Amino acid sequence: MEKIVSLCKRRGYLFQSSEIYGGIQGFWDYGPLGVELKRNLKDAWWHDMISGHNELVKPESAPRAFEMVGLDSTIIMHPQVWKCSGHYDLFHDHMVDCRESKKRYRFDQIRGRWVEYQDKKVFVTTMAEAEQELDEVRRRGMKFFKLRNKDADKITVGNESLTLDKLDSTENVLAPDAKSLDTLTEPREFNLMFKTTLGALGGEDDTTFLRPETAQGIFVNFKNVLDSSRVGLPFGIGQVGKSFRNEITPRNFTFRSREFEQMEIEFFCHPDQSQEWYRYWRDRRLAWYKELGLSDESLIMREHHQEELAHYSVGTADIEYAFPFLPEGEYGELEGIAHRGDFDLRSHMEGKLDPSTRPMQVELGEDGKPKYRGSGRDLTYRDEATNEKFVPHVVEPSAGADRGALAFLCEAYTEDEAPDENGKMQTRTVMKLHPRLAPIKAAVFPLVKKDGMPEVAHEIYGELKRHMNVFYDEKGAVGRRYRRQDEAGTPYCITVDTDTLTDRTVTIRDRDTLEQTRVKIDDVVADLRTRING
Ligand code: GAP
């Protein structure tokens, strides 16, 4: 992971936000290469899910043909949205404070092991990354028992690494930054929504929130979309945009950030067909990641247990990726596919539903009235063919653009062997990004900076620029130019050489196979298009 983080900074994929002021935790900036990668990922999602979807043809594994449309709703919405969605009451994590170090942690992120010395057993914790966790627990355990290195074999460190929420009590816990035991407070709820104030007066009634998900913007526009675009059930609305969560301990590079982008679909269907659609979206979304290059071995689909399900959900599966910062055998969530039933549309219509009731009833306050009143708008759907009126069920594939970009970066990072300009094998670092995602599609090089080669290369570069993001480089040995592009993930390098001057052909070098093919200058655009899009 350290190598990936360092490459991302060195080559301009990712920078810490406000770095010159020491940075700000949980916020990341995308550099010149990173912005192209993330844009390509979002564009691929938008094309494959929304704009490129053909509603006239039934996709192979879908129950039937369906429509897809897009939306771009605001980040700040009416405060009632968050009350009816459940986020106001329920969107929280548990935090603990350390009375000794004054630090704050997310309860379920503190990891540790039981350490035994003579007849004493303490649970030693750390916030270190998975690779360093065992060493760090051992080091802290030795220090706690005041042992020297030569006495290392006198302590026993447990084989099992556990998060704190798995323990019955924190009495014998050595907190991550403490020297004595039992310094952690009881876990407390912490709402993850960022508060903000509307207008200049700023009273309690003017408090609203930065959206923690893009989904609610879709639900509150359900009727607008239905009335304005002639779509009929089943259909999906997709949205890509920023979301904000005040994570207690943002960590693992961009994996858990406080500002991030989501790519969400709310798919509306008849309740009787919702299980079928749930299965369809689950499988389709997993296939999408594989098509763009994530390997079978590093991906899993995990169905949630009943007790893990979100308050609204009757079924959820996560697509998870083996991020290298996780311990061996552990996976991190890339995307959740949730069957949300009719919770959202009914809550925005009738008032927030009580998730513990079956069938769900509007949650009442102490005065016996709805705790959070809905919009009162009719969000039901009338099927024109059958005249049936019902509240559609929703299947929601919800992906993170930043987590996606991070997974593709991790998958792409490769060290292999390739010959240098003298034919000698050297270790090379290469980012094997799928050509659709690669920030730069091709680099154009004159073999040497003379004999009319730069002029021809300029001509090719100018033509290619009209179609895709390409890069021009004429400085230094050509081998070194190839290496730079390998690290940047550029799939193709086009070289103008002496033959070009006589037959107007160039070589196209493939980043992964290193194969070089001669192509006519006039065919380069078409050739690259085929290679990139298949
Ligand atoms: N509307 C449902 C929803 O928001 P979620 O599982 O909380 O569900 C969906 O979020 C996706 O958003 C996650 O799978 C992840 O990719 C991304 N995501 C969530 N929190 C994130 C964070 N703090 N930083 C980066 N990405 C995050």
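None of the values given here were measured: they were computed from a predicted structure.

Looking at the element boundaries, I155 is found in strand 8 (residues 155-157). Taking the C-alpha atoms as reference points, I155 and V115, 40 residues apart in sequence, are found 6.8 Å from one another. Beyond its immediate chain neighbours, meaning those up to four positions away, I155 contacts V115, E116, Y117, R138, M142, F145 and L147.

Before going further, it helps to examine helix 9 (residues 343-350). Most of helix 9 is tucked away: seven of the eight residues are buried. The set of residues buried in helix 9 consists of F343, D344, L345, R346, S347, H348 and M349.

What follows deals with the nonpolar core. Ranked by size, the top nonpolar core spans 57 residues in total, and within it F267, W277, W281, Y289, F323 and L334 carry the most contacts. Counting residues per element, the ones that place at least two in this core are helix 1 (2-10), helix 2 (32-51), strand 15 (259-269), helix 8 (274-291), strand 17 (315-321), strand 18 (332-341), strand 23 (393-400) and helix 10 (401-412). Considering every element that reaches this core, the biggest residue donor is helix 10, with eight residues. Grouped together as the second largest cluster of nonpolar side chains are 21 residues, L464, Y492, I494 and I521 included.

Now for the pairing of strand 28 (residues 492-496). Taken across its five residues, strand 28 has five buried, putting it largely inside the fold. Of the two faces of strand 28, the one holding Y492, I494 and V496 and the one holding C493 and T495 are both buried throughout. Across five bridges, strand 26 (residues 442-446) lies against strand 28 in parallel orientation. Bridging from a neighbouring strand, A443 pairs with C493 of strand 28.

Right, let's talk about the pattern of salt bridges for a bit. Enumeration according to the criterion identifies 46 salt bridges in this entry. Residue E133 is joined to R113 by a salt bridge in which the shortest nitrogen-to-oxygen separation is 2.8 Å. Residue E133 is found in helix 5 (residues 130-144), and its partner R113 is found in strand 6 (residues 111-117); the two are separated by 20 residues along the sequence. Look at E133 and you get buried, because its relative accessible area is 3%.

The rules behind these values
- Residues numbered from 1 in each chain as written.
- Predicted model: local features only at pLDDT ≥ 70, side-chain atom pairs only at ≥ 80, totals over all residues.
- Heavy atoms only, no water.
- Helix = DSSP H or I, 4+ residues; strand = E, 2+ residues; numbered from the N terminus.
- Contact = heavy atoms within 4.5 Å.
- Buried < 20%, exposed > 50% of the residue type's maximum accessible area, 1.4 Å probe, protein only.
- Core = buried A, V, L, I, M, F, W, Y, C linked by side-chain atoms within 4.5 Å.
- Pairing = 2+ DSSP bridges.
- Salt bridge = Lys/Arg side-chain N within 4 Å of Asp/Glu carboxyl O.

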